[in-house]
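One letter stands for each residue in the lines below.
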Amino acid sequence: MADQVLFELKSVSKHFQVKNAGVLKAVNGVSLTIYKGETLGLVGESGCGKTTLGHTMVKLYKNDGGMITYKGRDIWDFNRRQNMNYHKNVQIIYQDPYASLNPLHVVRQSIAEGLEIHKLYKGKKRTERVMELLRMVGLNQEHANRFPHEFSGGQRQRIGIARALAVEPEIIICDEPVSALDVSIQAQIVNLIMRLQREIGLSYLFITHDLSLVKQISDRIAVMYLGAIVELAPAQSLYEHHYHPYTSALLSAIPIPDPEVEKKRKRIMLSGDVPNPINLGGGCSFRSRCPKAAKRCELECPQLKEITPGHFAACHFAE
Amino acid sequence: MLRYALKRIGIALLTIFALTTITFFLLHLLPGDPFLNIKVPVAIQEKQMAYYGLDKPILQQYFIYLKNLLTGNLGTSLKYVGRNVTDIIADFFPVSAALGLIALFFAELIGMTFGILSAQFKNRWPDYLLMFFAILGIALPSMVIGPLIRYFFGVELRLLPVSGWGTPEQIIMPAFVLGLATVAANTRMMRACMLAVTTQDYIKTAQAKGLTPTQIVMRHELKNSLVPMLAGIGPAVASVMMGSFVVEKIFVIPGLGKHFVNAVTTLDYPLIMSLTIFYGTILVTMNLLVDLLYGVVDPRIRLD
């Protein structure tokens, strides 16, 4: 793994004011590092703040607290030129391939827009670049002048990927890029994403709720629960030892593709509900569902601590 | 596309035929007749009726009317003695159409611009201000706003002529009054359309890519918002071209608007029939044009 740090998030938070209800702490003190060339998997259930975090990183939201630095500089301190450069280097792919393409633009327009905005590949070279991108994602030249509605979900996702790749970014934030697709198509898209990483040396922040998928593609995995990272570890290490009870419950839910072993798989069933994310009190946010919950968990919010080298967990009982 | 157009033209003709028939019989259901007048002897009234063929059985009149219509003969007015209905329309329609189209053009342009601005400043003071005026524009009828601005700009400030038709200055006030409600309605609708588009992922992508808000509006939001806006334009064009009784009355404009009202109160059968059919034809044509335009603006809509 290369050592160059791309992103450094320091206790980033993003809160939303909810009318007549209070404050929703969608992202609440997240600290992460993303290295060049790696895939950081970000897993968590619906509503845990994964997407908000991704959106904050591409500057669709401004974080309320903490700091996001890109190559050592605060992303909100850029001047215009640096800002454009940041927008060039950090791209995003969305979950819903039906909503992420302008229905009135042909594929060529959608892919070339980034090139126009960032003034890359002028004139005839731009057309060539679009064609090259289409080839890279497994589409062909005839597709350039078609509209998004003429494609299947998987093809549309390929277009979305080509659009993100067009401006030669350093990192792509993949916001559940395959969860809207059929399983067979999922595999194709995941393979495409991984192949592109090998060929171009991209970094990914791969947001997903699919645990078996994230295991396959990630170098490191961050587990998120109610706006906070509860465990962060190299992929292999996480699947071998997990220290946070939430991670254990999640991993126990992965089916095993061997019927004999599958029969013996023990599932940790979580009881209780996800607490209302609005106006969360102090203490550990997982305590209402945690089998290990104790008095201490009510009083003190556990911080991420390094259990073994490179493996962090936020639980009072982790060791 | 061609097949679709032909099919739609067929339907349009049927619509106009139905319109003709229904209007014809409804008209003759109205009590009284065009020549009813206590000062005129009954024998003369009967002679007048016979002269225009109004003494014949109603069905026979209907078929005579259809036959004339098909040969392009719209009949003569019962009230404007000796005047052809075709001539009346030819005289007054261009005035109404010119005024109406000018008013509508600016109303659409300004309304959409306001709508875009309003959406850009959603829930901030420019939005509230524009929405306040939009509500005002919808709520104030032309018979209130017309005399008011006519008094203010025409009499007090003496900036614009109070009435008449022919010079560009004479167009400004009536066009404003005529277009005000459209501006207001368009502002609100465009705002809603823009906001519906704004939440789409491809807008977020554009933002993440570094497009400025202006670029996002011009490249992505505008065209996507126009699709629903188109639906309103067809009927608006037709209605505005027919002239407005109130506006033409206030500003003394020789348009078609007054004839719609006068022809009914005087039971001028041929004139009412012709105006209705004329309006219907334009309305149907405009709607057809708009539907064909959909296919051009939005590739997802297949015309077949």
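Residues numbered from 1 in each chain as written. Chains lettered and ligands numbered in written order. Predicted model: local features only at pLDDT ≥ 70, side-chain atom pairs only at ≥ 80, totals over all residues. Heavy atoms only, no water.

Digging into the environment of Ile-221 of chain A
Rules: A run of DSSP states H or I qualifies as a helix once it reaches four residues; a run of E qualifies as a strand once it reaches two. Both are numbered from the N-terminal end.
As for its position among the elements, Ile-221 of chain A is in strand S9 (residues 220-225). Put simply, Ile-221 of chain A and Leu-211 of chain A are ten residues apart on the chain and 9.9 Å apart in space, counted from C-alpha to C-alpha.

Side note on the nonpolar core
This is how the line gets drawn: Here, the term nonpolar core denotes a set of buried Ala, Val, Leu, Ile, Met, Phe, Trp, Tyr and Cys residues that are joined through side-chain atoms within 4.5 Å. Throughout this description, buried means an accessible area under 20% of the type-specific maximum (1.4 Å probe, protein chains only), exposed means over 50%, and partly exposed covers the range between. Contact between two residues is taken to exist if any of their heavy atoms lie within 4.5 Å; hydrogens are not considered.
With 51 residues, the main nonpolar core has Phe-93, Phe-251 and Ile-282 of chain B as its most contacted residues. Looking at this core element by element, the count peaks at ten residues for helix H4 (residues 85-120) of chain B. When sequence neighbours within four positions are dropped, the list of residues in contact with Phe-251 of chain B reads Gly-146, Arg-150, Val-162, Ser-163, Gly-164, Met-173, Pro-174 and Val-177 of chain B. Ranked by size, the runner-up nonpolar core spans 37 residues in total, among them Val-107, Leu-120, Val-137 and Ile-189 of chain A.

A closer look at the confidence of the model for chain B
Residues and elements named next belong to chain B. Put simply, the test is: Every residue carries a pLDDT, the predictor's confidence in it, which falls somewhere between 0 and 100.
With 99% of its residues at a pLDDT of 70 or more, chain B has an overall mean of 90. The least confident element of chain B is helix H2 (residues 42-51), whose mean pLDDT is 87; the most confident is H4, at 93. Scoring the predicted complex yields pTM 0.79 and, for the interface, ipTM 0.76.

Some words on the interface of chain A and chain B
When the parts of a complex come together, some accessible area is lost, and that lost area is often used as the size of the interface. Note the cut-off: Once two parts are put together, the accessible area they lose, assessed with a 1.4 Å probe and summed over both, is termed the buried area. Here, a salt bridge means any side-chain nitrogen of Lys or Arg that lies within 4 Å of a carboxyl oxygen of Asp or Glu. Pairs of N or O atoms within 3.5 Å make up the polar contacts considered here, provided that, within protein, one atom can donate a hydrogen while the other can accept it, and that residues adjacent in sequence are counted only when both atoms are side-chain atoms. Just so you know the grouping, Ala, Val, Leu, Ile, Met, Phe, Trp, Tyr, Cys and Pro go in nonpolar, Asp, Glu, Lys and Arg go in charged, and all remaining residues, Gly too, go in polar.
Contacts between the two partners involve 27 residues from chain A and, on the opposite side, 21 residues from chain B. Taking both partners together, chain A and chain B bury about 2200 Å²; carbon and sulfur atoms supply 58% of that area. Remark: the boundary between chain A and chain B carries two salt bridges. Seen at the junction of chain A and chain B, the total is eleven residue pairs in polar contact (both at pLDDT 80 or more). At the level of elements, helix H2 (80-89), strand S6 (90-93) and helix H3 (107-117) of chain A are the ones that each hand at least two residues to the side of chain A that touches chain B. With five residues, the top contributor of residues to the side of chain A that touches chain B is H3 of chain A. When the residues that make up the side of chain A that touches chain B are grouped by side-chain class, the tally is twelve nonpolar, ten polar and five charged.

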